[in-house]
Structure formats: C-alpha cells, structure tokens
Amino acid sequence: MSGTTRRRISPAAALGAAAALALTGCTSGSSSSEGQAGFITGKGGIATAKPDTRTAAPDITGTSLQGAPLKLSDYRGTVVVLNIWGSWCGPCRAEGKNLQEVSAKYKNKGVQFLGINTRDVAPDNAVRFEEQTGITYPSIYDPDGTQILRFPKGSLNPQSIPTTVVVDREGRLAARAMRALSSEDLEKMIAPVLAEQK
C-alpha cells in the first residue's frame, strides 16, 4: 500500500483501541503484578499504598450521565471512591447495591463516591442501570476509556472492569481492588484512608 493511499487512524480511534486492550473486562480480577513502589496486596486482592509512596491521581474530568460537568479535583480534601463500571458488566451489577449502600453510609463522613462509566455506547443503558440499582452518586461518562487511560502506569491504576480505587484527601491513589466488592470489603478499603490525619 502506498503512502498516499494509507489510511490514518484518528487519535480517538487509537485511544479507543488502547482502552480495549488496557481494560480486558468484564473480569473479577487481574493477575498483573504491576504497581507503584511500596504498595502491598492484602487478602481479598485489595492493594494499598502508604502515604509516602502514593502516586497522584489524574484529574479525571468529563460530563455526568445526565450531562453535568464533573471533575475529580472538585472533591479535593475529601476521600474519593472511584468505581469503574459498565451497565453491560455482570460483576458491576453484583456490586452496584453495595456501592450505593456504603456511599449513603459515608456521605456525611467526608467520603465522596464517583463512578466512571465506560464502554456504554450511549448513556441510556447506564442511566437505567443506576435507576434499577438505586445509585445516587454521579458518574463520569467515558465510553472510549479516555479518562481511565490517564491513570499513570505502574500506579494503583485500573486494569479491569470493575475496579474500585480510593483516592486520599490529597488526591493520591491509596487503595485499589480489581473485582466486585462486598459492602464489608469496601468499608475495609475506605476506613484506613478516612482515619488518616487531615
């Protein structure tokens, strides 16, 4: 094929392809050992990092499923629980009510839940999923995984769907689980980060 007839791949298509490769979902875990220096993986596959070894979270931005602007940095000073999910994902459906339950429990305790919805070609199915599950916290609509790819490699970055990441008050990646979570496991991820000195 000559240079004049070779097709160019748009940046959006390249990002979409990269997202498809990076997030091999819908899975309940990952065997990858990649991670930021100083993090440990405990029982149940929950990885944590001590404060002095944490990597800054990217400033995830976008619009909600309802079209409102959302930005991770707007929640600086609170503990943020990021959940990467899709309405098509069985494990995401399994953990949805647990996430909402814990979100409601910690709503007035300095914890903000924020979803990142991915691979839903239109927001309608995702909105329907939230209505059926009773989820009230917002989600950024990220159909091609562009925002997910902003997490630095070698950090507590998402590598499967669902993944839940806890971001500390200073905007650093503190904990990660790459599987569907029970309410109990979710609270185990949040409690130590919430207990840290402000």
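Everything below is about the structure shown above.
Residues numbered from 1 in each chain as written. Predicted model: local features only at pLDDT ≥ 70, side-chain atom pairs only at ≥ 80, totals over all residues. Heavy atoms only, no water.

Some points on the packing of aromatic side chains
The full count for this structure, using the stated rule, is two aromatic pairs. Plain terms: the ring middles of tryptophan 85 and phenylalanine 129 are 4.8 Å apart, the flat faces sit at 25 degrees to each other, and that makes the pair stacked. Residue tryptophan 85 is located in strand S5 (residues 79–85), and its partner phenylalanine 129 is located in helix H3 (residues 123–133); the two are separated by 44 residues in the primary sequence. What makes tryptophan 85 buried here is its relative accessible area of 3%. The buried category is assigned to phenylalanine 129, whose relative accessible area is 3%. When the ring of phenylalanine 113 is compared with that of tyrosine 137, the centres are 5.5 Å apart and the planes differ by 45 degrees; the resulting orientation is tilted. Of this pair, phenylalanine 113 sits in strand S6 (residues 111–117) while tyrosine 137 sits in the loop between H3 and strand S7 (139–141); the two residues are 24 residues apart in sequence, bridging distant segments of the chain. Positioned above the aromatic ring of tyrosine 106 is the side chain of lysine 109, whose terminal nitrogen or guanidinium carbon lies 5.2 Å from the ring centre. (Phe/Tyr/Trp six-rings, centres within 6.5 Å; stacked < 30°, edge-to-face > 60°. Helix = DSSP H or I, 4+ residues; strand = E, 2+ residues; numbered from the N terminus. Buried < 20%, exposed > 50% of the residue type's maximum accessible area, 1.4 Å probe, protein only. Lys NZ or Arg CZ within 6 Å of the ring centre and 35° of its normal.)

Things to note about the nonpolar core
With 47 residues, the main nonpolar core has Leu82, Val111, Phe113, Leu114, Leu186 and Ile190 as its most contacted residues. Discounting chain neighbours no more than four positions away, the residues touching leucine 82 are Leu72, Leu114, Ile116, Phe151, Thr163, Thr164, Val165 and Val167. (Core = buried A, V, L, I, M, F, W, Y, C linked by side-chain atoms within 4.5 Å. Contact = heavy atoms within 4.5 Å.)

Re helix H2 (residues 90–106)
Because each turn of an α-helix spans 3.6 residues, side chains separated by three or four positions end up pointing in the same direction. Taking 1.5 Å of rise per residue, the 17 residues of H2 would be expected to cover 24 Å, and the 25 Å separating its terminal C-alpha atoms lies within 8% of that figure. Taking the largest bend as the criterion, H2 deviates by roughly 35 degrees, centred on glycine 96. Here the buried face of H2 lies against S5, S6, H3, strand S8 (163–167) and helix H4 (183–194). (Expected span 1.5 Å × (residues − 1). Bend = angle between axes of the 7 residues up to and from the residue.)

Observations concerning unusual backbone geometry
Glycine aside, negative phi is the norm for most residues, and most peptide bonds take the trans geometry. Isoleucine 161 connects to proline 162 through a cis peptide bond whose omega is 0 degrees. Even without being a glycine, arginine 119 presents a positive backbone phi close to 65 degrees. In this fold, arginine 119 is placed in the loop between S6 and H3.

Re the pattern of salt bridges
For the coordinates displayed, the defined rule picks out seven salt bridges. Residue arginine 172 is joined to glutamate 170 by a salt bridge in which the shortest nitrogen-to-oxygen separation is 3.9 Å. Note on glutamate 170: relative accessible area 53%, which makes it exposed. (Salt bridge = Lys/Arg side-chain N within 4 Å of Asp/Glu carboxyl O.)

A look at H4
With 12 residues, H4 extends 16 Å from end C-alpha to end C-alpha; this agrees with the ideal 16 Å at 1.5 Å per step. Those residues of H4 not exposed but buried are Ser183, Asp185, Leu186, Glu187, Met189, Ile190, Val193 and Leu194.

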